[in-house]
Amino acid sequence: MANPLLAFWSTLLGRDEDRPARRRGRQAAAASAAQASATVFLVMRRMRAPLIVLIVIFAVSVLGLTLIPGQDAAGRPWRMGFFDAFYVMTYTASTIGFGEIPYPFTYNQRMWVTIVIYLTVIGWAYAIGSLLALLQDRAFRHALALQHFRRKVNRLREPFLILAGYGRTGELLGHSFDALGRRFVVLDANEDRIDDLELGSYHADVPALVADARDPGLLCVAGLTHPSCEAVLALTDDEETNLAVVMAAALLRPDLPVIARTTSRVLVERMQAFGDPTVVNPFDCFGDHLRIALKAPASYQLMTWLESGPGAELPVRGRPPREGAWVVCGYGRLGRQITADLRVEGTQVTPIDPRASADEDADVVVGDGSDPRVLSRVDLHSAVGFVAGTDSDTTNLSLVAAARRANPGLFVAARQNRSASAALFAAMEIDALLVPTDVIAREVYAQLSTPLLWRFLREMPAKGEAWAAALIDRLTSLCGTQLHTMWKVHLTPKEAPALSGWLASGQLCLADLMRSPNNRDEPLPAVALIVLRGEGCTLAPDGDFVLVTGDEVLFAGWSAARRALDTTLLVDAVREYVLTGRRVPESWIWRKLIRAST
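Residues numbered from 1 in each chain as written. Predicted model: local features only at pLDDT ≥ 70, side-chain atom pairs only at ≥ 80, totals over all residues. Heavy atoms only, no water.

Caption draft 1: Quick peek at the environment of proline 517. Note that proline 517 resides in the loop between helix H23 (510-513) and strand S16 (526-533). Contact partners of proline 517, with chain neighbours within four places excluded, come to Leu524, Ala564, Thr568, Val574, Tyr577 and Val578. (Helix = DSSP H or I, 4+ residues; strand = E, 2+ residues; numbered from the N terminus. Contact = heavy atoms within 4.5 Å.)

This is how it looks when you write it as structure tokens:
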């Protein structure tokens, strides 16, 4: 039941003619707040009859005690007042029991109290039974959870993300953002997923609600109109729901970044009709990554490593075939994308699919790829690559086994649809494995963890294979084979006050800045991945690169290097030693003593 007062405020706020987007957001927020406040009205409606029964029993009991005459200590007639009757019924009806006051009851009074005791027991049983039934009611529990969820979201003061969908992708992103100290709010229609989230080991409390993300009101309850909301992620398994989230965000908060997952090109176009959302298609990403892996294994190795986030080990650099024919089993959306990507590179591709038609592609082989008779129609012995890309994990595993039996030297790429099948695919030692949820999680993490990382990953493939191999060697020599942390430094007077003079002089080189505050002859265990200056950028600059005010630098390295660099940016004495080698006293006392001695 909607709150009339909140409905009035929503109507009043709807008269803001100057800001239509904000007006719509406020209207949706007011409507959602009214929905969240329905708990009180639901309790009042369901408990109305039991409460009336208890009140009537109590009132009749009090009235009876005042009308039935008693006796005082001298045996004179005495009538109990309303206050005394109310006091007696208070401890009697609540089953506490105290005694007969102010005088012992007569038999008439005791008979009335006996009747009242049985009436109150019946009334309490009715009320408690109704309350227990209310607590088990799904609508009440949902309203209570909605009210609790709304309060937790409203108390958020730091920037947060909205995750619509907490499947495997949402879980991976949740733990990654939690490790970075980023807050997020979750909506998911699956109650089991929300239960898993509440049992998860997160550093901060995660507001979560079992709800349909297609409802704009619930999105507003989740913080869509909250001033601290910084992005919306539409990651549900239902692509129509993702489209609805994109629509709601574009109409209610057009200034808010939105990232959505989909595998349909039609839905991509429909999403792009609403603003400029970032659409992540795991099949497109895998096709692009496969092309990079075939042409530039070192670039693919570096990309995969950086996208995996802090704590990731350097993946093994593959040795994919550069030339030769490929066979693709499963000519659905993934198969078509991979076939198109490979043919762009001039590779001969033969698709196999039982549901495909030869009219679509003259080279397609119609049939079940796991059938040896169908595979015999394809020259696997002369092929160099094989893709098992159906939507069934058991089919993909059997396809891989059959292909390797025909040609053990094949480079095999496969699609894993269910996380439960991870152990089986790991045992098969697939050369290139597509896990759509992991691909989406890595892409979204790269875009939201820091925009500089996303810019670096987009610009990196054009630098070439030798450049990527050299950068990997620099990273591993300074930081080892584990990616410890990545962070951004903005060289401004506010964030780097100790460097203001040096930046203005145009004499600050990157190599000088990356010296250790403990021993300036030793470099910090970190590498600058990209320097953003205005609209331009420089990838992996060398030590002679001159830094200026306003530069944004993305570093990768040890956490100790980050702390040391922060000290150089903030403390004048540390900066002086790092850049010039001179040791300057830090405290006022030491400066006075040095002046006195000289």
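There's plenty left to go through after this.
Caption draft 2: Layout of the pairing of strand S9 (residues 325-329). Of all five residues in S9, five are buried; the element is thus mostly enclosed. Burial along S9 is two-sided: Ala325, Val327 and Cys329 and Trp326 and Val328, pointing in opposite directions, are all buried. Summarising the sheet, S9 and strand S12 (residues 383-388) pair through five bridges and their orientation is parallel. Bridging across to S12, cysteine 329 finds its partner in alanine 388. Regarding the hand of the β-α-β motif, the stretch spanning S9, helix H15 (residues 333-344) and strand S10 (residues 349-353) is right-handed. (Buried < 20%, exposed > 50% of the residue type's maximum accessible area, 1.4 Å probe, protein only. Pairing = 2+ DSSP bridges. Right-handed = clockwise from strand over helix to strand, strands pointing away.)

Caption draft 3: Representation of the packing of aromatic side chains in the model. Going through the model one piece at a time under the given rule, you end up with eight aromatic pairs. Here the aromatic rings of tryptophan 487 and phenylalanine 555 are separated by 5.5 Å at their centres, their planes lie at 25°, and the arrangement is stacked. Pair noted here: tryptophan 487 is in strand S15 (residues 485-490) and phenylalanine 555 is in strand S18 (residues 552-557), with a separation of 68 residues, a long-range link. Assessed through its relative accessible area of 3%, tryptophan 487 is described here as buried. For phenylalanine 555, a relative accessible area of 1% gives the class buried. Against the face of tyrosine 107 rests arginine 110, its NZ or CZ located 5.9 Å from the ring centre. (Phe/Tyr/Trp six-rings, centres within 6.5 Å; stacked < 30°, edge-to-face > 60°. Lys NZ or Arg CZ within 6 Å of the ring centre and 35° of its normal.)

Caption draft 4: The arrangement of the side chain of threonine 390 in detail. Assignment of secondary structure puts threonine 390 in the loop between S12 and helix H17 (393-406). Note on threonine 390: relative accessible area 15%, which makes it buried. At a separation of 3.3 Å, a polar atom in the side chain of threonine 390 contacts the main-chain carbonyl oxygen of serine 392. Contact partners of threonine 390, with chain neighbours within four places excluded, come to Cys329, Gly330, Thr395, Asn396, Leu399, Arg415 and Asn417. (Polar contact = N/O pair within 3.5 Å; in protein donor to acceptor, adjacent residues only side chain to side chain.)

Caption draft 5: Layout of the confidence of the model for the protein. Scored by pLDDT, the protein comes out at a mean of 83, with 89% of its residues at no less than 70. Contacts of residues 1-18 to residues separated by more than four positions or lying in other chains number 21 contacts, the stretch itself having pLDDT below 50. (pLDDT = per-residue confidence, 0-100.)

Caption draft 6: Broad picture of the nonpolar core. Within the largest apolar cluster, 40 residues are counted, with the highest numbers of intra-cluster contacts made by Val186 and Leu233. Looking at this core element by element, the count peaks at six residues for helix H19 (residues 436-449). Setting aside its immediate chain neighbours within four residues, valine 186 contacts Phe149, Leu163, Tyr166, Ile194, Leu197, Val206, Pro207, Ala208 and Leu209. By size, the runner-up hydrophobic cluster in this structure holds 32 residues, among which are Leu156, Val185, Leu209 and Cys220. (Core = buried A, V, L, I, M, F, W, Y, C linked by side-chain atoms within 4.5 Å.)

Caption draft 7: Here's a closer look at the pairing of strand S13 (residues 411-415). Summarising burial for S13: five of the five residues are buried, a large majority. With burial as the criterion, each face of S13 is covered, one bearing Phe411, Ala413 and Arg415 and the other bearing Val412 and Ala414. Note that S12 and S13 share four bridges and pair parallel. Bridge pairing in S13 links valine 387 to alanine 413. What joins S12 to S13 is H17, and the crossover it makes is right-handed. Bridge analysis of S13 against strand S14 (residues 432-434) gives three bridges, and the strand direction is parallel. Following the sheet pairing, arginine 415 is matched in S14 by leucine 434. For the crossover from S13 across helix H18 (residues 422-428) to S14, the handedness is right-handed.

Caption draft 8: Structural view of empty space enclosed by the protein. Taken as a whole and judged by the stated rule, the model has one cavity of 30 Å³ or more. Looking at the largest cavity, its volume works out to about 30 Å³. As for the largest cavity, its lining consists of Trp305, Leu475, Cys479, Gln482, Leu483, His484 and Gly557. Tallied by class, residues from the lining of the largest cavity come to four nonpolar, three polar and no charged. (1 Å grid on protein atoms, 1.4 Å probe; cavity = no way out; pocket = protein on both sides within 12 Å on 5 of 7 lines; lining within 4 Å. Points joined across faces, edges and corners; volume = space filled by probe spheres on them. Nonpolar A, V, L, I, M, F, W, Y, C, P; charged D, E, K, R; others polar.)

Caption draft 9: Spatial organisation of the sheet that holds S15. Strand order in the open sheet formed by four strands is S15-S18-S16-S17, with antiparallel pairing between adjacent strands. The sheet is open, and its two borders are formed by S15 and strand S17 (536-539), each paired with just one other strand. Across the sheet, the axes of successive neighbouring strands diverge by a mean angle of 20°, strand direction being ignored. Pairing of S16 with S17 involves four bridges; the strand directions are antiparallel. Within S17, the residue paired with arginine 533 across the bridge is glycine 536. Packed onto the sheet, helix H24 (residues 559-570) meets S15, S16 and S18 and runs at close to 15° relative to S15. (Axes fitted to C-alpha atoms, helices over the stretch in contact; angles between N-to-C directions.)

Caption draft 10: Structural context of the pattern of salt bridges. All chains considered together, the criterion is met by 21 salt bridges. Two residues, glutamate 459 and arginine 455, come together in a salt bridge whose shortest N-O distance is 3.3 Å. Here the residue glutamate 459 and the residue arginine 455 both occupy positions in helix H20 (residues 451-459), the gap between them amounting to four residues, near one helical turn. With a closest N to O distance of 3.0 Å, glutamate 576 and arginine 575 form a salt bridge. One exposure class covers both glutamate 576 and arginine 575, and it is buried. (Salt bridge = Lys/Arg side-chain N within 4 Å of Asp/Glu carboxyl O.)

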